[in-house]
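An overview of the molecular structure
Here is how the chains run, residue by residue.
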Amino acid sequence: MKLKEIVEITGELELLTGLHIGAGNDNIEIGGMDNPVVRDPLTNEPYIPGSSIKGKMRMLLELYLGLIHSEGQALDYKTVANVNDQALKEEGFNLLRLFGISGSENEEGIKSLSLGITRLNFYDLRLTDDSREELKERVGALMTEEKTEVRVNRITGTGEHPRHTERVPAGAKFNFRLIVKLFEGDDEEKMLEMVKRGLKLLELDSLGGSGSRGYGKIQFKNLKKHYRLSNREPEEFSLD
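Summary of the structure given here. Along each chain, residues carry numbers from 1 onward, in the same order as the chain's sequence is written. Reporting of local features is limited, given that this is a predicted model, to residues whose pLDDT is at least 70; pairs of side-chain atoms are given and counted only at 80 or more, and all residues count toward the totals for whole chains, interfaces and linings. To obtain the side-chain values, all non-hydrogen atoms of the structure were included, while hydrogens and water were left out.

**Regarding the nonpolar core**
We define a nonpolar core as any set of buried Ala, Val, Leu, Ile, Met, Phe, Trp, Tyr and Cys residues linked to one another through side-chain atoms lying within 4.5 Å. The buried label applies to any residue whose accessible area, calculated with a 1.4 Å probe on protein chains only, is under 20% of its type's maximum; exposed applies above 50%, and partly exposed to all values in between. By size, the foremost hydrophobic cluster in this structure holds 53 residues, and its most contacted members are L13, V195 and L199. For this core, the secondary structure elements donating two or more residues are β1 (3-15), α1 (50-65), α2 (77-81), α3 (86-99), β2 (120-122), β5 (173-183), α6 (188-204) and β6 (218-227). Looking at which element gives the most residues to this core, the answer is α6, with 7 residues. Discounting chain neighbours no more than four positions away, the residues touching L199 are M57, F176, F220, L223, F237 and L239. Comment: elements are numbered from the N terminus, with helices defined as DSSP H or I runs of at least four residues and strands as E runs of at least two. Contacts are assigned to residue pairs with any non-hydrogen atoms lying within 4.5 Å of each other.

Printed below as a string of structure tokens:
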């Protein structure tokens, strides 16, 4: 396999509603936050892990295509190979080319379809400089807000058992970067179209926890694609 192009997609991710991507907290102190957000251990700033983008985007694409593993796991080679519709099967293989497969599936049939090398590289999303300063002014040094969730008693109509969830506030912006590697034999148009569809599905759904409660609504802005191995000029990467 020969690498023919590296497409870098850059832009911003803006929060339309508060975002909670949990850090886990097994030792909650009295008066402390029940559900803290993930933070960079060096700067203590909230960030969005690239793995969160990758996992949700892959799941949404699998649901969109209707290619669901029988045991609820990530889509695999055997599930796609058993699809009868040829066009759908090819889309399934392109999804596997983009997101990769497990090492246990490395067999001859997979090698011949060039499924062994993951085409997508996701990166953690850090706050933009302007957004960092704005959040410090709006909500303080931690750059987050506290949202209290309660369980409603169906008989009395009152809230019970409050839990305090930390969120990055709406309006915060993060730098977005995604790498797409294209090899000889890859259909560039179809590969990038699937990436575009996945990002659009993220906008239509949500990111992080409590999406059904309105958390994690996002929008990508100013997306551009840059061709790093050729002299092609940067282009707009519109999701519309």
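Further notes follow.
**Brief notes about the side chain of E203**
On the secondary structure map, E203 appears in helix α6. In this structure, E203 is in contact with I218, Q219, F220 and L239, ignoring residues within four places of it in sequence.

**Digging into the packing of α1 against α6**
Close contact between α1 and α6 brings their axes to 9 Å; oriented N to C, the two are set at 100°. As judged from the angle between their axes, α1 and α6 are roughly perpendicular. Contacts between α1 and α6 involve I53, K56, M57, L60, L61, Y64 and L65 from the first element and M194, V195, R197, G198, L199, L201 and L202 from the second. Looking at the contact of α1 with α6 residue by residue, the class counts come to 11 nonpolar, 1 polar and 2 charged. Under this scheme, a helix contributes an axis fitted over its contacting stretch, all axes are lines through C-alpha atoms, and angles between N-to-C directions fall in the 0 to 180 degree range. Here is the rule for angles: anything less than 35 degrees is roughly parallel, anything more than 145 is roughly antiparallel, 65 through 115 is roughly perpendicular, and the remaining ranges are oblique. Polar here means any residue other than Ala, Val, Leu, Ile, Met, Phe, Trp, Tyr, Cys and Pro, which are nonpolar, and Asp, Glu, Lys and Arg, which are charged; Gly is therefore polar.

So, to be careful, I would describe these as geometric facts and stop short of saying anything about function.
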